[in-house]
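# Per-entry structural report
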Amino acid sequence: MTNPLFPNDPHRPTYHLMPPANWMNDPNGLLLWKGETHVFYQYNPNGAFWGTMHWGHAASKDLVHWTHLPVALAPTPGGPDWDGCFSGCAVDNDGVPTFLYTGVSPEVQCLAVSHDDMITWEKYAGNPVIAAPPDGDVTGFRDPCVWKEGNEWVMLIGSGWKGVGGTALLYTSADLIHWTYQHPLCIGHREETGEMWECPDFFPLGDKHILLVSPVGSNTVLYFVGTYADRKFTPEVSGDCDFGRHFYAAKSLADASGRRLLWGWSWEGRTVEAQKAAGWAGVMSLPRELTLRSDNTLGFAPATELQTLRGAHRHFTGALTEPVQGDSLEILAEIAPGDAEAFGLRLRAAPDGSEQTLLTYDRATQRLGLHREQSSLSPDVNRDGQSGKLALAPDETLQLHVFLDRSIIEVFANGRACLTSRIYPARTDSLSLEIYSYGGNAEVRSLDIWDIRAI
Ligand code: DQQ
């Protein structure tokens, strides 16, 4: 986002939603209101580090350009959220926008309402509305996700049973204030999906229901596709929402046309000191549309509205016939593997190759990965490789849809995999884009590249 506070920062994204300065993490309280999409988010007004959690607020008419609005929630000294307003959701309660969120410490559930189109928020005087978890050895009790079924409100709270596995605890209420614990929506296996599920999100898609959870320490958002009956969920298919390890705490929203849109928090990949020095940390992912595929896995696509940001366009077939440079690009590439062992895109490359990031498909392992070992000459930067399985059918081409926005890369592959990551090239001339292959030749069927305009 163009920002006078950081005119010369080469790493600050230009077309992603982020606060004007300081720290942000999880998306919170996504709500459609009077024709606009409102995104709230975990925010620390006191610097570019996690702490004193508030709720920041932005709204958009087009999912692309965002207006920053006043901070919605701040901790109340002496109140149940004295130590922070943690994550939660927003619902439209008969025309009254209402937040359900976690106050700390300890973790309790709180309610707030707005009577002025969400500019200011009043916390319920009787907070907390849920003062303690049910009996049992829980690993956490936070991040309410609320929806309405008939006349009843249903809430999930992210949790887990010690030694057993992550869970989402299901409560019901007639008025959003008085809640009754029912049972766990479902329970995971500790060894497979962790012991504590943060930020549950639950919604119908096609003829299935989807549960998204962010297991503590996993750096990933898992999805489960399954059946919801008697207020219990039976997972049938599962997968990773993103291979990149820089996409977390995702929340979704059904838009006016019924599309299911997902946003996640992309955290930084550099030291806390570097983040503080930058004055900002955390980026909201681009909105991505979720679909249910015929094999009951999830499909992912960037919201089509993003096309309105496209600027200068270049189209190639076979090979890049002219140099392409940029740090704010959209790239659509279709590549047939040919006889190559590995192939993909070389991004943000310096003229002498001393910095470069490889987005690679490896045929032997069938993995799509981002190789960041040479992504930066700076010592402050994480350079771990990140990859995930993407099995291509024998005659299937690799179809990459890449959004490069300075330090953030978001990749959509073959409509069924995503990889979000962060890079911080230190050289100002690390700008080249190339196609490469290894151990043989891959065939570029088509390549479209757009400059992307700042928002
Ligand atoms: N972030 C919030 C918690 C949530 C975690 C605190 C997930 O509510 O569990 O900032 O990133």
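The preceding data block contains the structure.
The sections below set out a description of the structure shown in this document. (Residues numbered from 1 in each chain as written. Predicted model: local features only at pLDDT ≥ 70, side-chain atom pairs only at ≥ 80, totals over all residues. Heavy atoms only, no water.)

## Thoughts on the nonpolar core
The biggest cluster of nonpolar side chains holds 49 residues, and the ones touching the most others in it are L212, W263, L298 and F300. Those elements that provide at least two residues to this core are β1 (22–33), β2 (36–44), β13 (197–205), β14 (208–215), β15 (222–229), β17 (248–254), β18 (260–266) and β22 (298–302). Those residues within four positions of F300 in sequence are excluded, and the remaining contacts are Y223, D240, C241, R288, E289, L290, F412, G415, R416, A417 and C418. One finds I331, L345, L370 and I409 within the second-largest nonpolar core, a separate group that totals 31 residues. (Core = buried A, V, L, I, M, F, W, Y, C linked by side-chain atoms within 4.5 Å. Buried < 20%, exposed > 50% of the residue type's maximum accessible area, 1.4 Å probe, protein only. Helix = DSSP H or I, 4+ residues; strand = E, 2+ residues; numbered from the N terminus. Contact = heavy atoms within 4.5 Å.)

## A word on unusual backbone geometry
Cis geometry marks the peptide bond from V104 to S105, where omega comes out at -10°. Structurally, S105 is set in the loop between β6 (96–104) and β7 (108–113). Across the junction of N127 and P128, the peptide omega takes the value 5°, indicating a cis bond. With a phi close to 55°, A249 is a non-glycine residue in the positive phi region. Residue placement: A249 occurs in strand β17. A residue is classified by how much of its surface remains accessible, and A249, at 0% relative accessible area, is buried.

## What about the sheet that holds β15?
Pairing within the open sheet is antiparallel, and its 4 strands lie in the order β13-β14-β15-β16. Edge positions in the sheet fall to β13 and β16 (232–240), since each has one partner strand and no second. Taking each pair of neighbouring strands and ignoring which way they run, the sheet shows an average axis angle of 25°. When β13 meets β14, the two strands line up antiparallel, connected through 7 bridges. Counterpart to F202 in the pairing with β14 is L211. (Pairing = 2+ DSSP bridges. Axes fitted to C-alpha atoms, helices over the stretch in contact; angles between N-to-C directions.)

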